[in-house]
Amino acid sequence: MRKFRRFAALVMGMAMAGALLGGCSGAPKQEGKQETKQEEKQEEAAKAEDSGTEKEDPAAQEQEGSSSVSLEGVRIIHLISNTRGDGGNHDMAAKAVEKMRDEYGAEIKIVEMGNSSADVAKYLPTTLDACEDGWKYVVCGSAQMVEPVQEAAKEYPEVKFIVYDAEITRSQEGELANVYSALFKQNESSYLAGILAMGMSDTGKVGFIGGQEIPTINDFLVGYIAGARSVKEDAVVYNSFIGSWNDLAKAKELADIQYQQGASLIFPAAGQAYAGIYEAGFELQKMYLGCDVDRTLQYESNNPEMNNYMPTSVIKRVDTFVENSFQRIMAGENIFGIHEAVGLKEDCVGLVENGYYEKLVPEDVKKQVEEARSQIVDGTIQVPSAFGMDQNQLNEFIGDNH
């Protein structure tokens, strides 16, 4: 059955990618590999049956055996639905996975799966391969991994999945008991960014440029608009989408338009394309924000002038989430079978408060940001979210500022 599902996944992927995957030469070899492993598993099961014993699940032993769990020698694979190098969510998750190796002795592997249409078609087969190859924990993230995880988790209940920045939905209670997923409340940190941007604006106009129009990026946008409107009710928030995570030229073109329309600051949630937006802002001496990590760090040594226009970065601490997940596992907690949302209260999102923040952000704006942060944590402020909005509701909330 697993062989058939693996083959079906590959066929589905090829259909999604069309001609781009027509000549994929690795598929037959992968099927043979899986068939061999499946036969070995069947032989082991037959032997266990003959001896009257049943092979115990190591994961079950961990949950029942003791109050603490060691990661020494435990196999953890990180499937990146993109490539490394932009310092963003996947890089931070990889950093946490590497920490599990360096400090706790885990065996790890990090796989960069890419993000082209051909690459996306391989996500499910690659996930199934990871399970078949005996990796105990699969770490992955993004909305594009939801279906691959749902399929693989059903087929391999002994494998544990830790999924960041996506919700793995369940049709009934108790389903996918081997999956732990979490969404970040990026709307909370972008709400603070909206307060900062509009508080610093001398035009009443700010901008937002997303990579692709997916729920997570829309959530950034909704929080950002809400924060700006909390400062100025009729705030103008221009918003555009590149349609890509790495098209720097298109990003610069959209940023030029927004700055020319009067935006005093632009918030990019655009993957590696942020650099095009920074280039436009720097040329026009206009402000821009960092996203995912403290972007000033990459310019500090070779082009520090860029940082004079970056008052803060809007960050999601994916590394904190992944590390905390394994810390909870090591403490003996069963985190699987649930979905959570983590935000300011859990210290998994926020704004960077570095030297440029201190230098560039006026004191009254800092005070507004801090007051809002405290009120979000204590529940006084409920930040709207794109999650739960249908397209009509989202369009109505955003308005016509394109």
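Not measured: the values here are computed from a predicted model.

**Q** Could you clarify how one ought to interpret the overall build of the chain in this entry?
**A** Across its full length, the chain holds 16 helices and 13 strands. Counting only residues that meet the buried cut, the chain has 51% of its 402 residues in that class. Here the contacts in the chain between residues at least 6 apart in sequence split such that 72% fall between residues at least 24 apart.

**Q** So what exactly am I meant to see when it comes to the nonpolar core here?
**A** The tendency in soluble globular proteins is for nonpolar side chains to be buried side by side. Counting 90 residues, the largest nonpolar core has Ile76, Tyr191, Leu196, Tyr224, Phe321, Val322 and Phe326 as the members making the most contacts within it. No other element matches helix 9 (residues 215-231), which puts eight residues into this core. When residues no more than four places from it in sequence are discounted, the contact partners of tyrosine 224 are Ser190, Tyr191, Ala193, Gly194, Ala197, Val206, Gly207, Phe208, Val237, Leu265 and Phe267. Membership of the second largest hydrophobic core comes to 24 residues, among which are Cys131, Trp135, Val159 and Val179.

**Q** Honestly, the layout of surface pockets in this entry has me stumped. Any pointers?
**A** Any space left empty among the atoms is revealed by the rolling of a water-sized probe across them. Roughly 600 Å³ of volume is contained in the second largest pocket. Along the walls of the second largest pocket sit 28 residues, with Asn82, His90, Ile214, Trp245 and Gly271 positioned nearest its centre. Counting residues per element, the ones that place at least two in the lining of the second largest pocket are helix 4 (89-104), helix 9 and strand 10 (290-292). Looking at the lining of the second largest pocket, the element that brings in the most residues is helix 9, giving three residues. Broken down by class, the residue content of the lining of the second largest pocket amounts to nine nonpolar, 15 polar and four charged.

**Q** Sorry if this is basic, but what is going on with empty space enclosed by the protein here?
**A** Throughout the structure, instances matching the rule amount to two cavities of 30 Å³ or more. There is about 50 Å³ of room inside the largest cavity. Lining the largest cavity, in full, are Pro268, Ala269, Ala270, Gly271, Tyr274, Tyr278, Gly290, Cys291, Asp292 and Arg295. Of all the secondary-structure elements, those providing two or more residues to the lining of the largest cavity are strand 8 (265-269), helix 11 (274-284) and strand 10. Counting residues per element, the lining of the largest cavity draws most heavily on strand 10, at three residues.

**Q** What's the story with the sheet that holds strand 2 (residues 107-112) in this structure? I'm lost.
**A** Adjacent strands of a sheet form backbone hydrogen bonds with each other and so pair up, either parallel or antiparallel. Ordered in space as 2-1-3-4-5-12, the six strands form an open sheet in which the pairing is parallel. Of all strands in the sheet, those bounded by a partner on one side alone are strand 2 and strand 12 (338-342). Averaged over all neighbouring strand pairs, the angle between strand axes comes to 15°, with direction disregarded. As paired elements, strand 5 (residues 179-184) and strand 12 share five bridges and run parallel to each other.

**Q** Which parts of the structure should I look at to understand unusual backbone geometry?
**A** A negative phi angle is the norm for most residues apart from glycine, just as the trans form is the norm for most peptide bonds. Residue serine 142 is not a glycine yet carries a positive backbone phi of 95°. Note on serine 142: relative accessible area 15%, which makes it buried.

Parameters at a glance
Residues numbered from 1 in each chain as written. Predicted model: local features only at pLDDT ≥ 70, side-chain atom pairs only at ≥ 80, totals over all residues. Heavy atoms only, no water. Helix = DSSP H or I, 4+ residues; strand = E, 2+ residues; numbered from the N terminus. Buried < 20%, exposed > 50% of the residue type's maximum accessible area, 1.4 Å probe, protein only. Contact = heavy atoms within 4.5 Å. Core = buried A, V, L, I, M, F, W, Y, C linked by side-chain atoms within 4.5 Å. 1 Å grid on protein atoms, 1.4 Å probe; cavity = no way out; pocket = protein on both sides within 12 Å on 5 of 7 lines; lining within 4 Å. Points joined across faces, edges and corners; volume = space filled by probe spheres on them. Nonpolar A, V, L, I, M, F, W, Y, C, P; charged D, E, K, R; others polar. Pairing = 2+ DSSP bridges. Axes fitted to C-alpha atoms, helices over the stretch in contact; angles between N-to-C directions.

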